[in-house]
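Per-entry structural report
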Amino acid sequence: MHIAVCIKQILDPEISPRAFKIDPVRKAADPGTASLVIGPFDLNALEVAIQLKERHGGQVTALTLGSDKAKEALRRALAMGADQAVLIDETQVSAKEPSVTARVLAAAIRKLDPVDLVLTGRQSGEWDFGQVGALLAEELGMPFVPFVPRLDVAGNGLRLEREADGGVVVVEAPRPCVASVTNANDNVPRLPKVKDIMMANRKPITVYGPGELGLGAAEVGDEANRLEVLDLFIPEVKSECEFIEGEDGAEKGANLARKLVERKVI
Amino acid sequence: MHETPTREIFWNIRHIWLTYALLVPMVVAFALGVWNHVRRWRAGKPIERTDNWQERLRGFFVDAVGQDQLRSGDQQAGLFHILLSWGFVILFIGTTVVFIQADLRIPIMHGWFYLIFQSLILDVFGLGAIVGLAVALYRRYVAKVPRLTHGLWQDGFLLASMLIILITGFLVEGLRIVATSDPWGSWSPVGLATGRALAALGIREYGTQLAVHRFLWWFHMLVSYVFVGYIPFSKMMHLFTSPASIFTRNLQPKGRLEPLDVENTEVLGVKTLRDFDWKDLLDLDACTECGRCQAVCPAYAVGKPLNPKMLILDMRRQLTEEIGGVPWAKRELEPRPIIGTSIEPETLWSCTTCHACVTACPVEIEHVAKIVDLRRFQVMEEAELPETAQAAVQGIEDRGHPFRGAQASRRDWYADLPYVRELAQVGQAEYLFWVGCAVAFNERAQKIARAMAKIMHTAHLDFAVLGDEETCTGDPARRIGNEYLYEMMARQNIETLNNYGVKKIVTTCPHCFNTIKNEYPDFGGNYKVIHHSQLIRDLLAEGRLPLEPGKLQELEKVTYHDPCYLGRYNDEYDAPRAVVDALGVERVEMARSRQKGFCCGAGGGRYWMDDEPGKRINVERAREVATSGAQAVCTACPFCMLMMEDGLRTVATEQGTTERPVATRDLAELVAEALAEAAGAREGEAGAALGA
């Protein structure tokens, strides 16, 4: 069983909101002092893949499209339990929209040993498009199951759970297929052991340099992007504080209920 | 009297050779027992603990011979132990004197020496030992001192044996005195009284006296032999292991944990008992089961699963199971992981590393270092730690601080204070103000930094901060057990500090203080580290902080809560108290203060871990604060402050109010509040932070 997991290195989403700034020229987040981490849902995807490997054997390959710094993200994936890591150099890639990212990842996955399953996070941790998984399935000609918290082998195929509004849909899919992973209590990313962190520092990382995937400017260059960000801003959040009047707890409670009904909260 | 005072050795005893014959099995048993202990310790790894022998010998005399630590704090226990131990030591010397006279044929047992030492002093100390035994028995079986909960059967057996030895000794002496009408009998007052009492009870006949004497003499000798032979197989072995533990004690700063070569160590931390060093294993055998650690442990006090005494004794039991309690034990078991075998993970994670157990231990057992060693294995090899602790560690790794979801940034608290400048702007300053994560990121704790900056500015000190260049010292990661991450943080900070050529560091956080002062030198960071209580004390003494009397009027009484990492770890109890005293408020002390200060519950990474309701250390401490009679509790640590604020809120709820019964103030906040107005006016001046 060969599982490919696509991960993305993003600015730490947990920096304090006050420290978060936007670079108006680039129309992107200002890195400031934020560190780089793996997108949270991508970590869930890694965890699901590693658990599957632990149950049924096989290997996990982590892939990312990024700069040299993204090697840190791949090292983390290796420390968690991935067997191989692939960095796709972003130098000649302009991935402003998910379709370009999906095209590049698909080209890289085709170069790997045949895969049985491709996992992505349900959405990246910063832009939140949530499209790469589906577009990747399209590129690879595989079925796609979104919002999967857990999955397992079933016969020759896979049995996947998909979170839906107020319920869970259980589906079966043939191998290979693509799934996007959402978070759940049983796929909380594991803390790598220090021994594994040190081992990961010694493992090789395969790098696909510019042009090595055979994709030209028309496919992954600026002209391949049809989406343009016009504006990016931090919304102003206003909060009001109101004290509920009342003689005693019962009266305050009644008043609170009335206000909530008035504002259609309940 | 014309004769030289002495007595006949072996009076009324025949077949003396039998005593020598019986000596052989006693000595063999004793030697085998001692050798077995050595065998147990040799299972540990090497460590250098015989260097600096002058200092070690000094400690040996103070704490083993003089029993200073043992006597401090519990006078009843100290009295019993001094009487018993010194009684037996003197009696042993007395027996040695007999040996010198009888076997080495050196005639010393006569004259004044015989009367004063061999008769009077021996009698007095023997009686003292009986009194000591009585106190020990009383404490165990009548008063039922709570910390003496372990091994009561064995204790009873040992105490009874010693009592029998002492009483039969006096009976034998008494019978000899009355039977021989010893002219110097009054120099042995206890023996004489015993003899007369026996006579009064009917043993008057010379023949009866001889027969009873002979029987008791042999009985006394046999019990003594068996007892001595049994020492190495019992708790009495502490006679030797405790002084050995005191002699080989840790002489490094108390706040320093031994670094670990993460890259080149086979097992990270301690998995099995064999991963400990020999002193750790000696510690297990040195424990006297006195329970002082149990009595002071904050985790135990609130009902958490940690009892430092049982931590040691459970590991001792595992050592016995694996290596054997007797030298001929053949069933040598494979080393098993300690966690899961004799210690549960919850026990391990209950420790706040407050050091109260280590401080209270009269025989220098190092509980905290062992707990951290065990945590190191759990964290680095097994990745098994509470999720909340994991989040804190992950925060340090990803964001350089352990506060998940922090709303502020490191630079927020001084955004409107022009006199707080960053080293990156000014290049250098006399003092680096190391802010610390708790102070920088918590809105309540930020007030400590603002107060401290105001104080330093008022005193015309040349100071600067690191701003965003500061990161966590690594202390929480280290105490949680992630030595790997700690080392990364330490090296990064030391590089930053050394690049700026920082010489003096001021901090309001005792955890930062301890780590930078005592642990960074191992990684090449050597600075003069000053806790803010020390700096403020000095500034006040130099008259550089004009205080306005009466500004703290609403605070009549203030109590001071000792932070563990300032007090017990770094012996600084007086500086903060001197500052409080200078503020014109009355300082009231809580029952648990100074060396016995009760932890707030935040240390050792506990700040980030969940506490079961009803088992919260800070609430226990807050209740004590609430009954101190003070209007404010003064802290000198941001974690203590936050824990007290939180604990006092619970106390308020318990009392049915929303108002906390006692206010919480950091030392710097109190001082800043008390500063004279004119001094405070400097706050607005720009660029005035040049050295005075």
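Predicted, not measured: the structure shown is a model, and the values here were computed from it.

Here the focus is the sheet that holds strand β6 (residues 586–588) of chain B. To summarise the sheet geometry, strands pair through backbone hydrogen bonds and adopt either a parallel or an antiparallel arrangement. Residue and element names in this part refer to chain B. Pairing in this open sheet of four strands is parallel, and the strands run β6-β5-β7-β8 from one edge to the other. Two strands in the sheet have a free side with no partner beyond their single neighbour: β6 and β8 (663–666). Averaged over neighbouring strand pairs, the angle between their axes works out to 35° when direction is ignored. Sheet topology note: the strand β5 (residues 557–560)/strand β7 (residues 632–635) ladder contains three bridges and is parallel. Across the sheet, Y560 pairs through a bridge with C634, a residue of β7.

All names here are of chain B. Topologically, I164 is positioned in helix α6 (residues 152–180). Using a relative accessible area of 37% as the deciding quantity, one classes I164 as partly exposed. Leave out the neighbours within four places in its chain, and I164 touches F219 and V223.

This part takes up the domain arrangement of chain B. Under the domain assignment, chain B is made up of domain 1 (17–239), domain 2 (250–380) and domain 3 (390–680). If you average the C-alpha positions of domain 1 of chain B and of domain 3 of chain B, the two centres end up 52 Å apart.

In this complex, chain A contributes 21 residues to the contact, which on the side of chain B involves 27 residues. Interface area for chain A against chain B, summed over the two sides, is near 1,900 Å², with a carbon-plus-sulfur share of 49%. When the buried area of chain A at its contact with chain B is split by residue, E14(A), L191(A) and V194(A) rank highest and sum to 32% of it. Linking chain A with chain B are six salt bridges. In this structure, R399(B) engages E14(A) in a salt bridge whose closest nitrogen and oxygen atoms are separated by 3.6 Å. At the junction of chain A and chain B, the tally comes to eight residue pairs in polar contact (both at pLDDT 80 or more). Here the side of chain A that touches chain B takes four residues from helix α5 (residues 194–200) of chain A, the largest share from any one element. A per-class count over the side of chain A that touches chain B returns ten nonpolar, four polar and seven charged.

Rules used in this analysis
Residues numbered from 1 in each chain as written. Chains lettered and ligands numbered in written order. Predicted model: local features only at pLDDT ≥ 70, side-chain atom pairs only at ≥ 80, totals over all residues. Heavy atoms only, no water. Pairing = 2+ DSSP bridges. Helix = DSSP H or I, 4+ residues; strand = E, 2+ residues; numbered from the N terminus. Axes fitted to C-alpha atoms, helices over the stretch in contact; angles between N-to-C directions. Buried < 20%, exposed > 50% of the residue type's maximum accessible area, 1.4 Å probe, protein only. Contact = heavy atoms within 4.5 Å. Domains from an automatic or database assignment. Buried area = accessible area lost by both parts, 1.4 Å probe. Salt bridge = Lys/Arg side-chain N within 4 Å of Asp/Glu carboxyl O. Polar contact = N/O pair within 3.5 Å; in protein donor to acceptor, adjacent residues only side chain to side chain. Nonpolar A, V, L, I, M, F, W, Y, C, P; charged D, E, K, R; others polar.

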